[in-house]
Amino acid sequence: MNIPFEKYQGTGNDFIILNNIDLGYTYEQLVAITKQVCQRRVSVGSDAVMVVDHAQHGGDFRMIFFNADGTEAEMCGNGARCLARYAYEHRLAKATMVIETVAGDVPAIRIDERTYQVQLNTATKEVYDWEFPEVSELSYVELGNPGLPHVVVEFDRLQDTPLEELLPLAQTLRHWSRLEKGANVNFYQQLANGNVLIRTFERGVEGFTLACGTGSGATALTLIKRKKVKGIVTLETLGGLLQVEVLGDELFLRGETTRVVSGDICDEDLNV
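Note that this is a predicted model, so its numbers are computed, not measured.

Here's the deal with the overall build of the chain
In terms of regular secondary structure, the chain is built from five helices and 18 strands. Computed over the C-alpha atoms, the radius of gyration of the chain is 18 Å, within 12% of the 19 Å expected from 2.2 N^0.38 for a compact globule of 272 residues. Along the first, second and third principal axes, the C-alpha atoms of the chain reach 50 × 35 × 30 Å. The proportion of buried residues among the 272 residues of the chain is 56%. Here the contacts in the chain between residues at least 6 apart in sequence split such that 61% fall between residues at least 24 apart.

Let's talk about the pattern of salt bridges
Under the defined criterion, the tally for this structure stands at 14 salt bridges. The shortest N-O distance in the salt bridge between Glu74 and Arg203 comes to 2.6 Å. Of this pair, Glu74 sits in the loop between β5 (72-73) and α3 (77-89) while Arg203 sits in the loop between β13 (196-202) and β14 (207-209), and the two are 129 residues apart along the sequence. For the pair shown, Glu74 and Arg203 are each scored as buried. In this structure, a network of salt bridges that share partners links the residues Lys7, Asp14, Arg40 and Asp47.

A few points about the side chain of Asn184
Its place among the elements puts Asn184 in strand β12 (residues 184-190). The class of Asn184 is buried, set by a relative accessible area of 4%. Not counting residues up to four positions away in its chain, the partners in contact with Asn184 are Leu148, Pro149, His150, Val151, Thr200, Phe201, Glu202 and Arg203.

A closer look at empty space enclosed by the protein
Tallied over the entire structure, the rule returns two cavities of 30 Å³ or more. Considering only enclosed or pocket space, the largest cavity measures out at about 150 Å³ in volume. Around the largest cavity, the lining comprises 18 residues; the ones closest to its centre are Phe65, Asn67, Met75, Cys76 and Glu202. Where the lining of the largest cavity is concerned, the elements lending two or more residues are β2 (13-19), β4 (61-67) and β11 (148-154). Of the residues assigned to the lining of the largest cavity, the class counts are nine nonpolar, six polar and three charged. One number sums up the size of the second largest cavity: a volume of about 30 Å³. Residue lining of the second largest cavity: Ile198, Arg199, Thr200, Thr209, Leu210, Ala211, Cys212, Thr237 and Leu238, and that is the complete set. The biggest single contributor to the lining of the second largest cavity is β13, with three residues.

Considerations on the confidence of the model for the chain
Taken over all residues, the pLDDT of the chain has a mean of 95, while the share at 70 or more is 100%. Mean pLDDT values for the elements of the chain range from 92 in β5 up to 98 in β12.

Side note on the pairing of strand β16 (residues 240-247)
With six bridges joining them, strand β15 (residues 232-237) and β16 adopt antiparallel strand pairing. Note that in β16 the partner of Glu236 across the bridge is Leu241. Between the antiparallel neighbours β15 and β16 lie two residues. Across five bridges, the pairing between β16 and strand β17 (residues 250-256) is antiparallel. In the strand pairing of β17, Val244 is matched with Leu253. Here β16 folds back onto β17 in antiparallel fashion, the turn holding two residues, of which Gly248 has a positive phi close to 65°.

Thoughts on the packing of aromatic side chains
Summed over the entire model, instances satisfying the criterion amount to nine aromatic pairs. Centroid distance Tyr8 to Tyr86: 6.3 Å. Interplanar angle 80°. Geometry classified as edge-to-face. Here Tyr8 is found in strand β1 (residues 3-10), whereas its partner Tyr86 is found in helix α3, with 78 residues between them in sequence. Pair check on accessibility: Tyr8 and Tyr86 agree, each one buried. An aromatic cluster of three or more residues is present, and its members are Trp130, Phe132, Tyr140 and Trp176.

Some words on the nonpolar core
Met50, Phe61, Met63, Phe65, Leu83, Met97 and Ile99 are the most contacted members of the largest nonpolar core, which has 48 residues in total. Per-element tally for this core: the top contributor is α3, with six residues. The residues touching Met63, leaving out its near neighbours within four places in the chain, are Met50, Val51, Cys76, Gly79, Ala80, Leu83, Ile99, Glu100 and Thr101. By size, the runner-up hydrophobic cluster in this structure holds 22 residues, among which are Trp130, Val153, Trp176 and Leu191.

Considering helix α5 (residues 213-225)
Spanning 13 residues, α5 covers 18 Å between terminal C-alpha atoms, matching the ideal 18 Å at 1.5 Å per step. For α5, the buried fraction is high: 11 of the 13 residues fall into the buried class. Turning to α5, its buried residues number three or more, namely Gly213, Thr214, Gly215, Ser216, Gly217, Ala218, Thr219, Ala220, Leu221, Thr222 and Leu223. With its phi angle positive at about 60°, Lys227 sits one or two positions after the end of α5.

Reading the values: rules and limits
- Position labels on residues start from 1 in each chain and follow its written sequence.
- Predicted model: local features are reported for residues with pLDDT of at least 70 only, side-chain atom pairs are reported and counted for 80 or more only, and whole-chain, interface and lining totals are derived from all residues.
- Only hydrogens and water are removed before side-chain values are computed, so all heavy atoms of the structure are retained for them.
- Each helix is a run of DSSP H or I of at least 4 residues and each strand a run of E of at least 2, with the numbering of both proceeding from the N terminus.
- We compute the radius of gyration from the C-alpha atoms alone; for a globule the expected value is 2.2 Å times N to the 0.38, where N is the number of residues.
- Per-residue accessibility, obtained with a 1.4 Å probe over protein chains only, is compared with the maximum for each type, and a residue is labelled buried under 20%, exposed over 50%, and partly exposed between these values.
- Note on definitions: a residue-residue contact is assigned when non-hydrogen atoms from the two residues lie within 4.5 Å.
- Any carboxyl oxygen of Asp or Glu that lies within 4 Å of a side-chain nitrogen of Lys or Arg is treated as forming a salt bridge with it.
- With a 1 Å grid laid over protein atoms only, a set of points is called a cavity when a 1.4 Å probe fits there but cannot get out and a pocket when it is open yet has protein on both sides within 12 Å along at least five of seven lines; lining residues have an atom within 4 Å of a point.
- Grid points are joined across faces, edges and corners, and a volume is the space filled by probe spheres set on the points.
- In this count, Pro and Cys sit with the nonpolar residues alongside Ala, Val, Leu, Ile, Met, Phe, Trp and Tyr, while Asp, Glu, Lys and Arg are called charged and the others, Gly among them, polar.
- Each residue gets a pLDDT score, which is the predictor's confidence in that residue and runs from 0 to 100.
- A pair of strands is labelled paired if DSSP reports no fewer than 2 bridges between them.
- Ring pairs shown here join Phe, Tyr and Trp side chains whose ring centres sit within 6.5 Å, with only the six-membered ring taken for Trp; geometry is labelled stacked below 30 degrees between planes, edge-to-face above 60, and tilted in between.
- We define a nonpolar core as any set of buried Ala, Val, Leu, Ile, Met, Phe, Trp, Tyr and Cys residues linked to one another through side-chain atoms lying within 4.5 Å.
- Expected helix span is computed as 1.5 Å times (number of residues minus one).

Take a look at the structure:
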């Protein structure tokens, strides 16, 4: 069985993209494919699988996003940027488009050949007064409806702290009993150059990733609401720079995309 695919990455988040408009797989088949092909070393390897499918209510197309473990996520900002480029280059949409997601419609725009901007889902829940042991400042933000959950934690030693030392705290917060569906955990530190250092532990991946677009958006919103920054926020992720502009309730995520490979998945252990 050969499955045509393309692989993109956006600031280090890598995604396998499948065009289900052509392939016609069932939801269960897509879950099975995801669990197999996202495995690194033994298959293609990626953080997630993104599926392009028919629009349901007036958008240009629908995005179905599967974490590497086969669970479906509400939305992914870096993924949406990569998917926007895929759609434009495959003539599924024009330079300005609307992507339908579980969390709501996501407008996207092509800035240049590699740079794409998406409007992240509006925050539907914001909490800035929760307390947690070992943490001086913790915020909770959900983007979209149903909400994509993010914990945002100020960590002033982030630049000098190995991720393995942060892992126990990240795992504890990710599974915090106060959070009905868990959360992505974003640690940040404001730098002397005006940028914001960010490290994100993502649910579904269950580890630190090189970047998280919605996490960057939730963190930028938190900084704006706490009056720590103004205007456009530049975030330094492990995978590169992302910019988030906060205009009232609207969040705009901009960054580069990279088309990595195009071909067929011919994994002999894949059975759908």
